[in-house]
Amino acid sequence: MRVSTSHLQQLAIFTTVLTGGGVGIMYYLMQKKFSTSDYHRLALQKLEACPAAMETIGAPPLKVYNIHLIDRHNRVDQNTAQMKIPVTGSKTGGYLYVFSVRDHDTNRWSLEQAVLKLREGQTINLLSQTAEHTQGLDAGHWH
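Values in this document were obtained by computation on a predicted structure and should not be read as measured data.

About the cut-offs
- Residues numbered from 1 in each chain as written.
- Predicted model: local features only at pLDDT ≥ 70, side-chain atom pairs only at ≥ 80, totals over all residues.
- Heavy atoms only, no water.
- UniProt positions renumbered as here; feature names shortened; annotations may be inferred.
- Helix = DSSP H or I, 4+ residues; strand = E, 2+ residues; numbered from the N terminus.
- Buried < 20%, exposed > 50% of the residue type's maximum accessible area, 1.4 Å probe, protein only.
- Arc of directions from axis to C-beta.
- Patch = residues over 30% accessible without salt bridge, like charges linked within 9 Å, V, L, I, M, F, W, Y side chains within 5 Å.
- Areas by Shrake-Rupley, 256 points an atom, 1.4 Å probe, with all protein chains shown as cover.
- Salt bridge = Lys/Arg side-chain N within 4 Å of Asp/Glu carboxyl O.
- Core = buried A, V, L, I, M, F, W, Y, C linked by side-chain atoms within 4.5 Å.
- Contact = heavy atoms within 4.5 Å.
- Phe/Tyr/Trp six-rings, centres within 6.5 Å; stacked < 30°, edge-to-face > 60°.
- Lys NZ or Arg CZ within 6 Å of the ring centre and 35° of its normal.

Trainee: For this particular structure, what's the right way to read the UniProt feature "transmembrane region" (unreviewed entry) in the chain?
Mentor: In the numbering used here, UniProt assigns the "transmembrane region" (unreviewed entry) feature to residues 12-30. The span residues 12-30 is 100% helical and 0% strand by assignment, and the distance between its end C-alpha atoms comes to 27 Å.

Trainee: I keep staring at helix α2 (residues 38-48) and nothing clicks. Help me out?
Mentor: Given 3.6 residues to a turn, an α-helix orients residues that are three or four positions apart in the same direction. Residues of α2 that are buried: Tyr39, His40, Ala43, Leu44 and Leu47. Taken end-on, α2 shows its buried residues confined to a sector of 130°, consistent with a single buried face.

Trainee: What is the right way to read a nonpolar patch on the surface from this model?
Mentor: Together, Val3, Leu8, Leu11, Phe14 and Leu18 make up a nonpolar patch on the protein surface, roughly 510 Å² of accessible area in all. With respect to the element layout, Phe14 can be found in helix α1 (residues 5-35).

Trainee: Help me understand the nonpolar core, please; the structure alone is not making it clear to me.
Mentor: In a soluble, globular protein the nonpolar side chains are often hidden away together inside. Of all hydrophobic cores here, the largest spans 25 residues; its most connected members are Leu47, Ile85, Leu96, Val98, Leu116 and Leu126. Looking at this core, the element that brings in the most residues is strand β5 (residues 109-118), giving five residues. With near-sequence residues (within four places) excluded, Leu116 lies in contact with Leu47, Ala53, Ile57, Val87, Tyr95, Leu96, Gln122, Thr123, Ile124 and Leu126.

Trainee: Where do I start with the packing of aromatic side chains in this structure?
Mentor: One pair of aromatic rings is described through two measures. These are the centre distance and the angle between the planes. Applying the stated criterion across every chain, the model contains two aromatic pairs. Arranged with centres 4.9 Å apart and planes meeting at 70°, the rings of Tyr39 and Trp109 form a pair that is edge-to-face. Of this pair, Tyr39 sits in helix α2 while Trp109 is found in strand β5, placing the two residues 70 residues apart along the sequence. This pair shows no difference in class: Tyr39 is buried, exactly as Trp109 is. Between Lys84 and the ring centre of Tyr95, over which it is positioned, the NZ or CZ distance is 4.4 Å.

Trainee: Explain the environment of Gln113 to me, please; I cannot follow it from the model alone.
Mentor: Among the secondary structure elements, Gln113 is positioned in strand β5. With a relative accessible area of 17%, Gln113 lands in the buried category. Residues Gln113 and Ala43, 70 residues apart in the sequence, show an inter-C-alpha distance of 8.9 Å.

As structure tokens, then:
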């Protein structure tokens, strides 16, 4: 049985569109899972509760962007969540570096570290609400 070249081309196009759509849906669902998680919500609540951080970036309005799925700072398992969340305000932006731990007994997440690192190099520790100028966050500092 022979298959014409046009049929093969149509099959290739259909397969490409189907695969691309599947990848797009998976990306959307993963981002939605992260953005609705307790560890993500706790981190943003902590940022919004810090007047110094909010004023520094020019928020509100606070814009929160999708995390970069292949970034090594973004790791989540059953017990820990380490994330690098991109955020911006009207003045500047940066990344919210967070580390959360899940309590086995209560099944609830608690925020262990939350640091806002701005584009200009300033960092704000949201748990102690201190600001400092640094050259950069040491990757070894994060779990």
